[in-house]
Amino acid sequence: MLQYIETTGKNEEEAINAALRKLGLDRDEVSVEVLERAKSGFLGIGGSPAKVKVTYEVPDAPAPKAAEPKPAEPKAEAPKTETPKVQPVKEEAPAAPVSRPETEPEAQAAAPAGDRTEAITAFLTGLMAQMEVSAAPRIAMGEDGSYKVTLEGENLGALIGRRGETLDAIQQLTSYAVNRGQSKRVRIHVDAEGYRAKREESLERLARKVAGKVVKYRRNVTLEPMNAYERHVIHTALQDYPDVTTYSTGTEPNRRTVVAYSKGEHRN
């Protein structure tokens, strides 16, 4: 289920960052639409802030299960009375004391609170089996607390798919399965055969090339449809590029990034 919030700031980036702080999400987990561009006014008078619409996805809650009817309890039968029989009492030797170990083994220490490594491994191992792909997950922790998952194996092109679409789907499924029902959400990045790094380099080169044309011809350029992760790479690559700003337009799955000429606009 998609939801959104609207925020304002001195410029588009400040407005977007304000929304991300409220939501506790990363740029690649949301879609951004610029509703109003910032206006500086004359001599600082009469200006207006930038306004953006930030859309994010909230997993649908599973439908509650219908309560199963309880089976009828059998009626209790009246107790039968019997004449007690008197048995002769025999003297028994005192029972030998039961020897107990001095210390009992304690349960093994559980994984650190909040650790999702085991859950990620179990889910991806099962998913790879269903896809009939021989690949195993290797997991490392990022400095920001995210989980960096690398799928290791041979001939993993089928896991990447066209422009990484299959890899993105695997990442989304893993994130949903592992975070479902948890009070704290963790970020999970899934990669195979170094695809993410190669794709990032390609997108960064594209971003700089397009930005150069935008500044030269003073015309906005709309890029081809990209997913949230790829749009985030474009935004990050050009966030400090002079006389250029970026924003997203359209709806998924045809949402596009616009590289716009912004000569004279205030940028932090």
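A brief structural summary. These numbers come from a predicted model, not from an experiment.

1. Here's the deal with the sheet that holds strand β4 (residues 135-141)
Ordered by their spatial adjacency, three strands build an open sheet running β4-β5-β6, and the pairing between neighbours is mixed. Only two strands of the sheet have a single partner each, and these edge strands are β4 and β6 (188-192). With strand direction ignored, the average angle separating the axes of adjacent strands in the sheet is 25°. Of the pairings in the sheet, the one linking strand β5 (residues 147-153) to β6 comprises five bridges and is parallel in character. Across the sheet, the residue bridging to L151 is A192, located in β6. Packed on one face of the sheet, helix α2 (residues 117-130) meets β4, β5 and β6 and runs near 160° to β4.

2. With respect to unusual backbone geometry
Trans peptide bonds make up the majority, and among non-glycine residues the majority have a negative phi. Even without being a glycine, E132 presents a positive backbone phi close to 55°. Within the secondary structure layout, E132 lies in the loop between α2 and β4.

3. Observations concerning the pattern of salt bridges
Any two side chains of opposite charge can pair if their charged atoms end up close together. As enumerated under the stated definition, the model contains nine salt bridges in all. Of the charged contacts, one joins R138 and E152 as a salt bridge, the two residues approaching to 2.5 Å between their closest N and O atoms. Here R138, found in strand β4, pairs with E152, found in strand β5; they are 14 residues apart in sequence, far enough to count as distant. A relative accessible area of 38% places E152 in the partly exposed class.

Reading guide: rules and limits
Residues numbered from 1 in each chain as written. Predicted model: local features only at pLDDT ≥ 70, side-chain atom pairs only at ≥ 80, totals over all residues. Heavy atoms only, no water. Pairing = 2+ DSSP bridges. Helix = DSSP H or I, 4+ residues; strand = E, 2+ residues; numbered from the N terminus. Axes fitted to C-alpha atoms, helices over the stretch in contact; angles between N-to-C directions. Contact = heavy atoms within 4.5 Å. Salt bridge = Lys/Arg side-chain N within 4 Å of Asp/Glu carboxyl O. Buried < 20%, exposed > 50% of the residue type's maximum accessible area, 1.4 Å probe, protein only.

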